[in-house]
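Read off the chains here:
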Amino acid sequence: MNEVSLYTITLNPAIDRLLYLNEKLERRKSNRITEVSYDIGGKGTHASYVMSKLGVKNLALGFAGSRNIDKFKQILSEKNMEHDFTIIDGRTTRECYIMIEPEQVSAGSIMLTEKGFHVEEADIKRLFERIKARVKAEDMVLIAGSLPTNFTIDNLRQLLRILKEIGCFIACDLSGEAIKLAVKMKVDFIKPNEFELKQLKASHESLFDTVKRLNQDIDYVVTSLGEKGSYYGYDRKIYRVIPPKVKEVNDTGAGDCFVGAFLAGLANQLSIEEIVKLASGCAASKVMNKDSSTFDVKTAMELKQQVKITQL
Ligand code: TA6
């Protein structure tokens, strides 16, 4: 068998503009920004970064606007990411604004996301051709993040059909109608949050029963149910995951970090328990960092020892 290759597809990538505040954000006041920095955004790109940092070779695909391509590529190269984006002429890759209040004020960040560029039919075709030319049956592909404004559910269906025909492993971190379609098309991995899981739930079904049902057709169902913690469905069984306790600085990108590490673990053929521990350790390390993608491998390896998994 050929070596497994990993691809991420970020249809609507972003440049995250991180705005650090020195006080709690308040209305009717001039809120001072103490520091500005930039990071990759858009979910699939985050996962690619995590895989690369864990030593798992992968290629980031998707669309990118020509107008700010230099800035976008500079961030990708600072992050040591291999990429082959389909460049759309005359368009700008969106910016997402992440506001971070001081640690003592709040642990979570405030995220404002631009909706992103328009893509032409010809651009969509170019991306699909690129995917067909590269991806093989033994590969793994992650589609993550929102869709460009005019990239329709039909376009997504086309993309999933292409991947199904190739026969590769398909992971999706999508929301709304897009995740519903991914479920309908029986992809191999999904990561709905509590809100998305509620959208997938049948009436009179508990959220656990929804995970169980989804796991009938989807091999890996990973979900976070807010205060109730994280769960995953694998092999028709549900497991609860208790992550390590850490000092949270910025939660942005923690879910993407989890997905990237999860797929890296799968590619390295770790056991499901080891995969979940690795992914939880990486995500826990991520929230200790200020920007939206950084995590520390050594810290993640220490933290993963503290992850507890119990079968329900
Ligand atoms: O999950 C974090 C993040 O990837 C941010 O970095 C930001 O770019 C945003 O999500 C984009 O999410 P969206 O759903 O709009 O694609």
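Look a little higher up for the structure.
Residues numbered from 1 in each chain as written. Predicted model: local features only at pLDDT ≥ 70, side-chain atom pairs only at ≥ 80, totals over all residues. Heavy atoms only, no water.

### A look at the packing of aromatic side chains
In step 1: Scanning the entire structure with this criterion turns up 11 aromatic pairs.
In step 2: The interplanar angle of 80 degrees and the centroid separation of 5.1 Å between the aromatic rings of phenylalanine 72 and phenylalanine 85 together place this pair among those described as edge-to-face. Placement of phenylalanine 72 in helix H2 (residues 69-78) and of phenylalanine 85 in the loop between H2 and strand S5 (86-88) is noted, with a sequence separation of 13 residues between them.
In step 3: The ring of tyrosine 38 carries the charged tip of lysine 71 above its face, separated from the ring centre by 4.0 Å.
In step 4: Taking the ring centre of tyrosine 20 as reference, the NZ or CZ of lysine 290 above it sits at 4.8 Å. (Phe/Tyr/Trp six-rings, centres within 6.5 Å; stacked < 30°, edge-to-face > 60°. Helix = DSSP H or I, 4+ residues; strand = E, 2+ residues; numbered from the N terminus. Lys NZ or Arg CZ within 6 Å of the ring centre and 35° of its normal.)

### Observations regarding the sheet that holds strand S3 (residues 33-41)
One key point about sheets: their strands pair by backbone hydrogen bonds, in either a parallel or an antiparallel sense.
In step 1: If you trace the four strands from one edge of the open sheet to the other, you get S3-S2-S6-S7, paired in mixed fashion. Edge positions in the sheet fall to S3 and strand S7 (110-113), since each of these pairs with one other strand and no more. Neighbour to neighbour, the strand axes of the sheet diverge by 20 degrees on average, direction disregarded.
In step 2: Looking at chain direction, strand S6 (residues 94-100) and S7 are connected through four bridges and run antiparallel. Bridging across to S7, cysteine 96 finds its partner in threonine 113.
In step 3: Of the strands in this sheet, strand S2 (14-21) and S3 are in contact with helix H1 (residues 44-53), which crosses S3 at around 80 degrees.
In step 4: The strands touched by H2 within the sheet are S2, S3 and S6, with S3 carrying the most contacts at an inclination of about 85 degrees. (Pairing = 2+ DSSP bridges. Axes fitted to C-alpha atoms, helices over the stretch in contact; angles between N-to-C directions. Contact = heavy atoms within 4.5 Å.)

### Describing helix H3 (residues 121-134)
Since the α-helix advances by 3.6 residues per turn, residues separated by three or four positions end up pointing in the same direction.
In step 1: The first and last C-alpha atoms of H3 sit 20 Å apart over 14 residues, in line with the 20 Å expected at 1.5 Å per residue.
In step 2: If you check which residues of H3 are buried, you get Asp123, Ile124, Leu127, Phe128 and Ile131. Along the axis of H3, the buried residues cluster in a sector spanning 135 degrees; they form a single face. When the buried face of H3 is taken as reference, the exposed residues oriented beyond 90 degrees from it are Glu121, Ala122, Lys125 and Ala133. (Expected span 1.5 Å × (residues − 1). Buried < 20%, exposed > 50% of the residue type's maximum accessible area, 1.4 Å probe, protein only. Arc of directions from axis to C-beta.)

### Thoughts on the side chain of glutamate 205
In step 1: Structurally, glutamate 205 is set in the loop between helix H6 (194-200) and helix H7 (207-217).
In step 2: A relative accessible area of 14% means that glutamate 205 is categorised as buried.
In step 3: Once residues within four sequence positions are removed from consideration, glutamate 205 is found in contact with Thr210 and Arg213.

### Digging into unusual backbone geometry
In step 1: Positioned with a positive phi, arginine 28 is a non-glycine residue whose angle comes to about 55 degrees.
In step 2: When you line up the elements, arginine 28 lands in the loop between S2 and S3.
In step 3: Residue class for arginine 28 comes out exposed when judged on its relative accessible area of 87%.
In step 4: Here aspartate 235, not a glycine, exhibits a phi torsion of approximately 55 degrees, which is positive.

### As for the packing of helix H4 (residues 153-166) against helix H5 (residues 176-184)
In step 1: At a minimum axis distance of 10 Å, the contact between H4 and H5 shows a crossing angle of 30 degrees. For H4 against H5, the interelement crossing comes out right-handed. Packed against H4, whose contacting residues are Ile153, Leu156, Arg157 and Leu160, the element H5 presents Glu177, Ala178, Leu181 and Ala182 at the interface.
In step 2: Within the contact of H4 with H5, the residues separate by chemical class into six nonpolar, no polar and two charged. (Left-handed = near helix turned anticlockwise from the far one by under 90°. Nonpolar A, V, L, I, M, F, W, Y, C, P; charged D, E, K, R; others polar.)

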